[in-house]
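Report on the structure
What follows is each chain in one-letter form.
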Amino acid sequence: MPKTKRKPTTDAVGILHRRYYAGKPERLAALEQARANDDVARKIAALRTGAGFSQRQLAKLVGTTASVICRLEDADYEGHSLAMLHRIAAALNRRVEIRFVQTDKQLQSA
């Protein structure tokens, strides 16, 4: 039996999206939450390193432990509190801003 030639995969992300997320609002919502957690974690780490602080040094300025800072910089952490973000921002001479942005049309039906 001759083998049929398949079209090569050119858009792996698109294939994964269709397979695991398309038409599944609960998965899309979880994906958006994971992206938000990752964004907060990356911003905290970038601000800390940009200021030249170790996790231990930032923790001391904030009044917490290095393990808390480590946890906050973990993309999988879901417990970011606004109060803690304000404390970190103050220690780094920053302020926290909150924006409400339009969601994707796919998430609005969820």
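Residues numbered from 1 in each chain as written. Predicted model: local features only at pLDDT ≥ 70, side-chain atom pairs only at ≥ 80, totals over all residues. Heavy atoms only, no water.

For the coordinates displayed, the defined rule picks out five salt bridges. Here E32 makes a salt bridge to R35, at a shortest N to O gap of 2.9 Å. Taken together, the residues span about one helical turn, with E32 and R35 both in helix 2 (residues 25–50) at a distance of three residues. Judged by its relative accessible area of 30%, E32 is partly exposed. (Salt bridge = Lys/Arg side-chain N within 4 Å of Asp/Glu carboxyl O. Helix = DSSP H or I, 4+ residues; strand = E, 2+ residues; numbered from the N terminus. Buried < 20%, exposed > 50% of the residue type's maximum accessible area, 1.4 Å probe, protein only.)

Confidence in the prediction for the protein averages 89 pLDDT; 91% of positions are at 70 or higher. Averaged pLDDT values for the elements of the protein fall to 53 in helix 6 (residues 105–108) and rise to 98 in helix 3 (residues 55–62). (pLDDT = per-residue confidence, 0-100.)

Residues lying three or four places apart along an α-helix face the same way, a consequence of the helix completing one turn every 3.6 residues. For helix 2, spanning 26 residues, the distance from its first C-alpha to its last is 37 Å, which sits close to the expected 38 Å at 1.5 Å a residue. Along helix 2, the positions that sit buried rather than exposed are L28, N37, A41, I44 and R48. Positioned one or two residues after helix 2, G52 has a phi angle of 80 degrees, which is positive. (Expected span 1.5 Å × (residues − 1).)

Here the focus is the nonpolar core. With eleven residues, the main nonpolar core is built from I44, L58, A59, V62, V68, I69, L72, M84, L85, I88 and L92. Elements that contribute at least two residues to this core include exactly helix 3, helix 4 (66–72) and helix 5 (82–91). Setting aside residues up to four positions removed in sequence, V62 forms contacts with M84, R87, I88 and A91. (Core = buried A, V, L, I, M, F, W, Y, C linked by side-chain atoms within 4.5 Å. Contact = heavy atoms within 4.5 Å.)

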